[in-house]
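# Overview (structure and organization)
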Amino acid sequence: MNIDNGTSRFGLPPISRFVFGLAGIIVGFIVLRLLVAGFTVSDSSMNPDYKSGDRVYALKIGTPRTGDVVLVESPIEPGKHLLKRIAAAEGDVVELRHGIIYINNERARFKWKTVSTDNRVFPMSFSGRDNMTAVKVERHAFFLLGDNLDYSLDSREFGPIGADDVIGRVIYHR
């Protein structure tokens, strides 16, 4: 025999189920906000995969690896964020010679698509874009590049960044 006394099978009245459900949703949003950062791409430095206006979401936990796209605190403009790709990690040596990137003294062959259509080669006294002396990436640091090599402000200009400056690894974009 089934008697309906206004409680669920857990012995809770409907208002309690509603309150617990709402509390669960609120806690879920708070946890999601603590674990994921949203960002709108504002430049073309990551073309062709990430375009200006795209929305990206970065997971704030875990250690990113070479090849990962990361959201980082700008080392040049406080309060600003940059979207870049990790080209080299701790222990790697990065050098640029006449527009060619070398990692550990070997020409870099990235697994991701990079864009470089500007055939000019700038001297190091003007820009680090095409020529840069060898830089060893320190412990807990990353060397970042934009996928659009001609139009990216990245580690070629400001050097490797510390792992503490990484906000998170991009897990989704639209």
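The structure reproduced in this document is the subject of the present report. (Residues numbered from 1 in each chain as written. Predicted model: local features only at pLDDT ≥ 70, side-chain atom pairs only at ≥ 80, totals over all residues. Heavy atoms only, no water.)

## Notes on the sheet that holds strand S11 (residues 166-173)
The strands making up a sheet associate through hydrogen bonds between their backbones, and the pairing can be parallel or antiparallel. Pairing within the open sheet is antiparallel, and its 7 strands lie in the order S1-S2-S11-S3-S4-S9-S10. Both edges of this open sheet fall to strand S1 (36-40) and strand S10 (161-162), since each of them pairs with a single strand only. The pairing of S1 with strand S2 (residues 55-59) spans 5 bridges and is classified as antiparallel. The partner of Val36 across the bridge, within S2, is Leu59. In the packing of helix H1 (residues 14-35) onto the sheet, contacts are made with S1 and S2, and the angle to S1 comes to roughly 65°. (Pairing = 2+ DSSP bridges. Helix = DSSP H or I, 4+ residues; strand = E, 2+ residues; numbered from the N terminus. Contact = heavy atoms within 4.5 Å. Axes fitted to C-alpha atoms, helices over the stretch in contact; angles between N-to-C directions.)

## Remarks on the environment of Ile103
Along the polypeptide, Ile103 turns up in strand S6 (residues 100-103). Judged by its relative accessible area of 16%, Ile103 is buried. It is 28 Å that separates the C-alpha atoms of Ile103 and Lys80, two residues lying 23 residues apart in sequence. Residues contacting Ile103, with those up to four places away along its chain left out, are Ala87, Ala88, Asp92, Val93, Val94, Ala108 and Phe110. (Buried < 20%, exposed > 50% of the residue type's maximum accessible area, 1.4 Å probe, protein only.)

## Concerning the layout of surface pockets
By volume, the largest pocket is sized at about 320 Å³. What lines the largest pocket is a set of 20 residues, among which Gly99, Ile100, Ile101, Ser116 and Leu149 lie closest to the centre. Counted by class, the lining of the largest pocket contains 7 nonpolar, 5 polar and 8 charged residues. (1 Å grid on protein atoms, 1.4 Å probe; cavity = no way out; pocket = protein on both sides within 12 Å on 5 of 7 lines; lining within 4 Å. Points joined across faces, edges and corners; volume = space filled by probe spheres on them. Nonpolar A, V, L, I, M, F, W, Y, C, P; charged D, E, K, R; others polar.)

Purely spatial values, then, with no claim about function.
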